[in-house]
Amino acid sequence: MPTSLTSRLTVDLDALVANWVALDSMSLPEVETAAVVKGDGYGCGAAEVGRALARDGVETFFVAVPSEGVALREAIGDDRAIYILGGYGTEEQLDYRLHDLRPVLNSANQAFTWFEHEDAPCAIQLDTGMNRLGMEAKEFASLGRLPDCVDLVMSHMGNADDPADPLNEQQLETFREMTEGVQARLSLSATAGMLLGPDFHFDMVRPGIGLYGGAPYRYARPVVRVESPVIQVRDVAPGETVGYGATFVARRPTRIATISAGYADGLIRALGHGANVYLRDVPVPLAGRVSMDLITLDVTGLECRAGDMIEIIGPNQDIDRLAKSAGTIGHEILTSLGPRYGRTYSETEDTALHQ
């Protein structure tokens, strides 16, 4: 009997908003809680995520590159601030002007170029020990007195997921030293930094993964559910192999179910052996390698037929548990979710919980 070949991705926007509200409540009222929606809203759809958060009262958003900012501006309208974490590229100069995008200036060269040619708000990023983007102390000092267009000075923490890492306190102290006397608002922390306590909050916090149900925010409500249909079930005799590379060898009479999803859908090849998915709440192991469009499962002893839906992410397995099976993090799983899913956004009419 014909079955759908389309895997499903359901995004619970109510849960997303609830996570933002909960994170917002961790800091003092005068601390702004922004929202990071880069990577297409961590794979959840930046337009839908942005609109839901804007309706709830989020005033400031962060994305990675100008093209993300342009798309987000179209989705959320003109009355919210959008910062571009990657900085300022002169080739996208019109994007910043036409769509009111604010660059996070990562070098003195970027800063002087912006100050000379633009009269619009911007941010400056400092390198406090991560050695990725941002100005070190000497370069920051070369800017002299900051012009009024600089409305935010920020940095980013390298290992805030580990509260015991001494790098956290080192970065905090470096940030305090570098920003002494700065009149602009200050921001140091994303989700993990927020959880270190109020000393790390300053004037603005910038949660990302915590909004979408991921670690290290262990009280987050799950936001994403991924399910895939079984499109074929077959019997495999002892000694026969399954999938590319013949990495799975049947040791007994085995039932193999094939589902319509693969690494082109963000279910990365590293999952392979050791990962489980769920058939009616029963764990089912992967059998063989994940391929581009298909994954094979060992459903021996279970009632399984074409058309059954397999839970990949959901009540039985959150994004971090699945990620651990692949030796990665929930961020990679979420941001890898591809365009082929049938996407559904679950939202009540009264999503605005915190206006």
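What you are looking at is a predicted structure, and each value in this text was computed from that prediction instead of being measured.

1. Describing the pattern of salt bridges
Part 1 of the argument: Under the defined criterion, the tally for this structure stands at twelve salt bridges.
Part 2 of the argument: Between E32 and R185 there is a salt bridge; the shortest N-O distance is 2.5 Å. Taken together, the residues E32 in strand β2 (residues 32-33) and R185 in strand β9 (residues 185-187) connect sequence positions 153 residues apart.
Part 3 of the argument: The exposure class assigned to E32 is buried, which follows from its relative accessible area of 18%.
Part 4 of the argument: For the salt bridge of R252 with D298, the shortest nitrogen-to-oxygen distance reads 3.5 Å.

2. Focus on the confidence of the model for the protein chain
Part 1 of the argument: In the predicted model, the protein chain carries a mean pLDDT of 94, and 97% of its residues have values of at least 70.
Part 2 of the argument: Note that residues 351-355 has pLDDT below 50 and, in this model, 17 contacts with residues that lie over four places away or in other chains.

3. Some points on the nonpolar core
A general tendency of soluble globular proteins is for nonpolar side chains to be buried together.
Part 1 of the argument: Ranked by size, the top nonpolar core spans 104 residues in total, and within it L53 and I124 carry the most contacts.
Part 2 of the argument: Per element, the largest residue contribution to this core is seven residues, and it comes from helix α1 (residues 13-24).
Part 3 of the argument: If sequence neighbours within four positions are ignored, L53 has contacts with L16, V17, W20, A35, V37, V58, F61 and L211.

4. Side note on the packing of aromatic side chains
Part 1 of the argument: By the definition in use, this model includes six aromatic pairs.
Part 2 of the argument: An angle of 85° between the planes, with centres 5.0 Å apart, marks the rings of F175 and F202 as edge-to-face. Taken together, the residues span a long stretch of sequence, with F175 in helix α8 (residues 166-178) and F202 in the loop between α9 (191-194) and β10 (204-205) at a distance of 27 residues.
Part 3 of the argument: A relative accessible area of 21% means that F202 is categorised as partly exposed.
Part 4 of the argument: Among the aromatic side chains, those forming a connected cluster through ring pairs are Y88, Y96 and W114.
Part 5 of the argument: Stacked on the ring of F62, the Lys or Arg R206 has its end atom at 6.0 Å from the ring centre.

Basis of the calculations
Residues numbered from 1 in each chain as written. Predicted model: local features only at pLDDT ≥ 70, side-chain atom pairs only at ≥ 80, totals over all residues. Heavy atoms only, no water. Salt bridge = Lys/Arg side-chain N within 4 Å of Asp/Glu carboxyl O. Helix = DSSP H or I, 4+ residues; strand = E, 2+ residues; numbered from the N terminus. Buried < 20%, exposed > 50% of the residue type's maximum accessible area, 1.4 Å probe, protein only. pLDDT = per-residue confidence, 0-100. Contact = heavy atoms within 4.5 Å. Core = buried A, V, L, I, M, F, W, Y, C linked by side-chain atoms within 4.5 Å. Phe/Tyr/Trp six-rings, centres within 6.5 Å; stacked < 30°, edge-to-face > 60°. Lys NZ or Arg CZ within 6 Å of the ring centre and 35° of its normal.

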